[in-house]
Amino acid sequence: MAFALDAKVPAGPIDEKWENHKFSVKLVNPANKRKFKILIVGTGLAGASAAATLGELGYDVEVFTFHDSPRRAHSIAAQGGINAAKNYRNDGDSIYRLFYDTVKGGDYRSREANVYRLADVSLNIIDQATAQGVPFAREYGGLLDNRSFGGAQVSRTFYARGQTGQQLLLGAYQALMRQVDLGKVKLHTRSEMLDVVLKDGRAVGIVVRNLITGAITRHTGHAVVLATGGYSNVYYLSTNAMASNVTAVWRAHRKGAGFANPCFTQIHPTCIPASDEFQSKLTLMSESLRNDGRIWVPKKADDKRAANEIPEEDRDYYLERIYPAFGNLVPRDVASRAAKRMVDSGKGVGPLENGVFLDFKHAIERDGQQAIEDRYGNLFEMYERITDENPYKVPMRIYPAPHYTMGGLWVDYNLMTTVPGLYSIGEANFSDHGANRLGASALMQGLADGYFVLPYTIGDYLSDYLNTDPVPTDDPAFDETVQNVEDDVKRFLDVQGSRTVDWFHKELGKIMLDQCGMSRDEAGLEKALSDIPALHEEYRSDVRVLGSADTLNQSLEKAQRVDDFFELAQVMCRDALNRRESAGGHFREEYQSEEGEAMRDDENFANVSVWEWTGDAANPELTVEELEFENVALTTRSYK
Amino acid sequence: MNITLQVWRQKGPNDRGKFVTYQVGGVSPEMSFLEMLDLLNERLIREGEEPVAFDHDCREGICGSCGVMIDGQAHGPQLGTATCQLHMRKFKDGATICVEPWRATGFPLVKDLVVDRSSFDHIIEAGGYITVDTGSAPDANLIPVPKEAADSAFDAAACIGCGACVAACPNGAANLFTAAKMSHLNLLPQGQAERWSRAQRMVDTMEEYFGSCTNHGECEKACPKSISIDFIAMMNADYVKAKFKNRRLTGQHT
């Protein structure tokens, strides 16, 4: 049964759509808001900002996080900044330009109306965060400073040293805790959502496992919001936090929520290269470093000299050479693929020859070490702690790593999934970044969805259910879901196999990185589609999870998450195989120009692929949402 | 490298708990401390022993999830470094390392190396915010903030809420955490309206859970973000002022 997708994009000119929509959606009057219970899963930028705002509006909100505190969500690790079309620099920025850059940066695979709205509310986000006390960088006159970021020719990125995500999340977290203090929001920590409860096709509740006691609890509400982030950890090694996972989103998918563009994943160009087999995760070095750092490799392959011994004439500043207009600030997908080509051609640097140089020598000579320290001090320290090399003296070594997933649950203009009453916000949905996300746009989208979009749009759905009680938790719909969750938890403890969860996760990650990573081809994807189910079967029959389900059991938590990754991985590969074009982060070897640039197929693939669960991860069903571009002309992306 | 670990194992809050010694071979100096614990856990699972539970997440030193006592020092021997950013190259081959959970009454033990730090959230609930409903903010550049004030506020705001300050304190006090969170807001123009009520409420809440500060300064040394105890001085000053100011305001109202 294919989805009947209706994106519900409002009529009218692009710059009036959101305004018109806000006027036309149904409202819930202030006295009635408290009659509606909203369940929010996740407390990152999107979840915390949504919970705080809905609480302020007067809704009865419950929010769930598997962390010990809402402040631990992985938004906290975002470094570089947040975009907003404030045009404080007077360099020609505008809402329209931010919209245009984002659609172009996404390689024309995002929905115009959503992106325009994102650019529009970006202004309010900066105002809101500043009023909350987020300590953005300032000029000596006391006004806000900006820096530039990849994929843009204006300076529109607001930042708080190299810890912008931390400061924005603390702002949202503090706003959330104010609502907890006021009794408007109920907070559940160390609580992992393991399923959505549906009744008559609508989302009416969730089933949650307490990670300390193992208790499975039932929660009912008028609407459910998933703000549970992305799925880069399907690759095992990524820049995501260790616990980041797809489980909440995947379980919703299995209950009928369409999964859009799963193959659109972002490999971030500036991460510290892996140093060995035991590596548990990869560390990002903010893209902002590309403002001052110059990327190069030795001109000839297998050059064993130390970086500082290689004279200028033997260095290839390849991004500046190939892309003179954007130079080191080309978008992430372009920079990542270029680095891969260099390393694949034997020019990789470092002990494992798996990186390229990011060199600050010229910036230090030009601006002085103090200036560089002011801009990136904490990043340089972090680099030194991890590698034991001093980046003021020797160039950093970097290599691309899985970082962000543009794909996610399909949502309409109201951010509702294909399941009525089930919303998805932030990285967990697919809507705004197309096939590639520009730097400093993830924080923007998370907060846009949570502060300024969902709080308006959710009322449109809720107003139809005024004066109806939430479904009681002893309803058979809950009983059935709880039974499934309990069986699932027990299943992994019963296997008593021989290999650890991490062992399988690593193996899955290798397959995904090789076959569905920075570049993909038909043969590799076909191979992955036969290898993954085989490994999954082995996983279910040979994994070893010790301990019990009634105490803190971190292996058991992870066992379930990895099981979901196995299913997701198959749909990702299926999507990558089906999309016979190269677009943004999705690069198919078969579809490239002679110079190795991505070649889109706008005639057949200017669309969103939305996958539907059929009970078998190997055979999902595809429905397509055609994308219409009325404002931005589809051109070949050129950063030359 | 070969390392001998003495790890605190405790099944739950009501279990007695004990140190268990493990030999860990095949440790690379490039490993982080937590990757070394991963290595141990992988082996324990293969051998049929439950792995050691510890909190961790971002492994970039920013989420504040991780943190253990390493040879009696919160986050171990390297200054300004969270446990996840500590690397095995800082230890000698053949070393014996003692690993314990945070030890403080304000952080009840959950299991092995995991403790409950929800008391920190309660301190934030008690005024650790600026009241500004979404949508009501003026243009961001309407209020200039002197760069020095913004920088100073940032230094305080860098706190990751890991709890090392409490674990390092002989009194189990949370003054550095509370002071950092409070000063971040009290230093900014946006935070002035609620400054005095914030000072009083946050300190009063802190005292419900934690011990008292006697200026040992251990917290500053243990802090992975090197947050200065000057903020504690500022908090104390604000608390005293708040006592007068809040009383005067009360008088005006009644």
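Residues numbered from 1 in each chain as written. Chains lettered and ligands numbered in written order. Predicted model: local features only at pLDDT ≥ 70, side-chain atom pairs only at ≥ 80, totals over all residues.

**Q** Any chance you could explain the overall build of chain B here in plain terms?
**A** Helix and strand content of chain B: 8 helices and 7 strands. Overall, the C-alpha framework of chain B stretches about 70 × 40 × 35 Å when taken along its three principal axes. A total of 254 residues make up chain B; the buried ones form 53% of that total. Sequence-distant contacts, at least 24 apart, represent 70% of the contacts inside chain B between residues at least 6 apart. (Helix = DSSP H or I, 4+ residues; strand = E, 2+ residues; numbered from the N terminus. Buried ≥ 20, exposed ≤ 12 C-beta atoms within 10 Å, placed from the backbone. Contact = placed C-beta atoms within 7 Å.)

**Q** What should I look at first to understand the overall build of chain A in this one?
**A** Secondary structure assignment for chain A yields 17 helices and 19 strands. The C-alpha radius of gyration computed for chain A amounts to 24 Å, which stays within 12% of the reference 26 Å derived for 640 residues, consistent with globular compactness. Considered along the principal axes of its C-alpha atoms, chain A spans approximately 75 × 60 × 50 Å. Taking all 640 residues of chain A together, 61% fall into the buried category. Put simply, 74% of the contacts in chain A that link residues at least 6 apart link residues at least 24 apart. (Rg over C-alpha atoms; globule rule 2.2 N^0.38 Å.)

**Q** Help me out: how do you make sense of the interface of chain B and chain A in this one?
**A** Interface extent is often summarised as the accessible area lost during association of the parts. Listed per partner, the contact involves 65 residues of chain B and 61 residues of chain A. Of all the elements in the fold, those that place two or more residues in the side of chain B that touches chain A are helix H1 (33-47), strand E6 (109-111), helix H2 (118-125), helix H3 (147-157) and helix H5 (175-186) of chain B. Per element, the largest residue contribution to the side of chain B that touches chain A is 6 residues, and it comes from H1 of chain B. Class assignment of the residues belonging to the side of chain B that touches chain A gives a composition of 29 nonpolar, 18 polar and 18 charged. (Nonpolar A, V, L, I, M, F, W, Y, C, P; charged D, E, K, R; others polar.)

**Q** How should the domain arrangement of chain A be read in this particular structure?
**A** Residues and elements named next belong to chain A. Domain assignment breaks chain A into domain 1 (17-79 + 163-266 + 404-465), domain 2 (270-402) and domain 3 (476-597). Between domain 1 and domain 3, the residue contacts involve 36 residues of the former and 37 residues of the latter. Of all the secondary structure elements, the ones that give two or more residues to the side of domain 1 that touches domain 3 are strand E6 (191-199), strand E7 (202-210), strand E8 (216-220), helix H7 (247-254) and strand E11 (265-271). A total of 6 residues in the side of domain 1 that touches domain 3 trace back to one element, the largest contributor, which is E6. Split into classes, the residues belonging to the side of domain 1 that touches domain 3 amount to 21 nonpolar, 10 polar and 5 charged. (Domains from an automatic or database assignment.)

**Q** Any chance you could explain the pairing of strand E15 (residues 396-405) of chain A here in plain terms?
**A** Consecutive side chains along a regular strand alternate between the two faces of the sheet. All names here are of chain A. E15 sits mainly inside the fold: 10 of its 10 residues count as buried. With 5 bridges joining them, E11 and E15 adopt antiparallel strand pairing. What sits directly across from His268, in E15, is Ala401. Inspection of the sheet shows strand E14 (residues 356-359) paired to E15 by 3 bridges, in the antiparallel sense. From the neighbouring strand, Leu358 faces E15, where its bridge partner is Met396. (Pairing = 2+ DSSP bridges.)

**Q** Explanation requested: the sheet that holds strand E2 (residues 18-24) of chain B in the structure shown.
**A** Strand pairing in a sheet relies on backbone hydrogen bonds, with the paired strands running either antiparallel or parallel. Residue and element names in this part refer to chain B. Pairing in this open sheet of 5 strands is mixed, and the strands run E2-E1-E5-E3-E4 from one edge to the other. Bordering the open sheet on either side are E2 and strand E4 (73-74), each of which pairs with just one other strand. Examined bridge by bridge, strand E3 (residues 69-70) and E4 share 2 bridges and lie antiparallel to one another. Residue pairing across strands places Met69 opposite Ala74, the latter belonging to E4. Packed onto the sheet, H1 meets strand E1 (3-9) and E2 and runs at close to 90° relative to E2. (Axes fitted to C-alpha atoms, helices over the stretch in contact; angles between N-to-C directions.)

**Q** Just to check I follow, could you spell out the domain arrangement of chain B for this structure?
**A** Residues and elements named next belong to chain B. Domain boundaries in chain B define domain 1 (3-111) and domain 2 (117-253). Just the C-alpha atoms count here: the centres of domain 1 and domain 2 sit 30 Å apart. At the interface, 18 residues of domain 1 touch 17 residues of domain 2. Residue composition of the side of domain 1 that touches domain 2, by class: 8 nonpolar, 9 polar and 1 charged.

**Q** For this particular structure, what's the right way to read the packing of H5 of chain B against helix H6 (residues 195-209) of chain B?
**A** How two helices sit against one another is set out by the angle between their axes and by the gap between those axes. All names here are of chain B. Running from amino to carboxyl end, H5 crosses H6 at an angle of 170°, the nearest separation of the two axes being 11 Å. By the angle between their axes, H5 is roughly antiparallel relative to H6. Across the interface between the two elements, Thr178, Met182, Leu185 and Asn186 from H5 touch Arg195, Arg198, Ala199, Met202, Val203 and Met206 from H6. Taken together, the residues that form the contact of H5 with H6 break down as 6 nonpolar, 2 polar and 2 charged. (Parallel < 35°, antiparallel > 145°, perpendicular 65-115°, else oblique.)

**Q** When you look at the environment of Val166 of chain B in this model, what are you seeing that I'm missing?
**A** Relative to the helices and strands, Val166 of chain B resides in helix H4 (residues 164-168). Note: C-alpha distance between Val166 of chain B and Ala222 of chain B (56 residues apart in sequence) is 9.3 Å.

**Q** Please explain the sheet that holds strand E10 (residues 259-260) of chain A as it appears in this structure.
**A** Residues and elements named next belong to chain A. The strand order E16-E10-E18-E19 describes an open sheet built from 4 strands, whose pairing is antiparallel. The open sheet has two edge strands with one neighbour each: strand E16 (408-409) and strand E19 (621-626). Pairing of E10 with strand E18 (residues 607-612), which is carried by 2 bridges, proceeds in the antiparallel orientation. Its bridge partner being in E18, Ala260 is matched across the sheet by Val610. Running over the sheet, helix H16 (residues 554-578) touches E10, E18 and E19 and is turned about 145° from E18.

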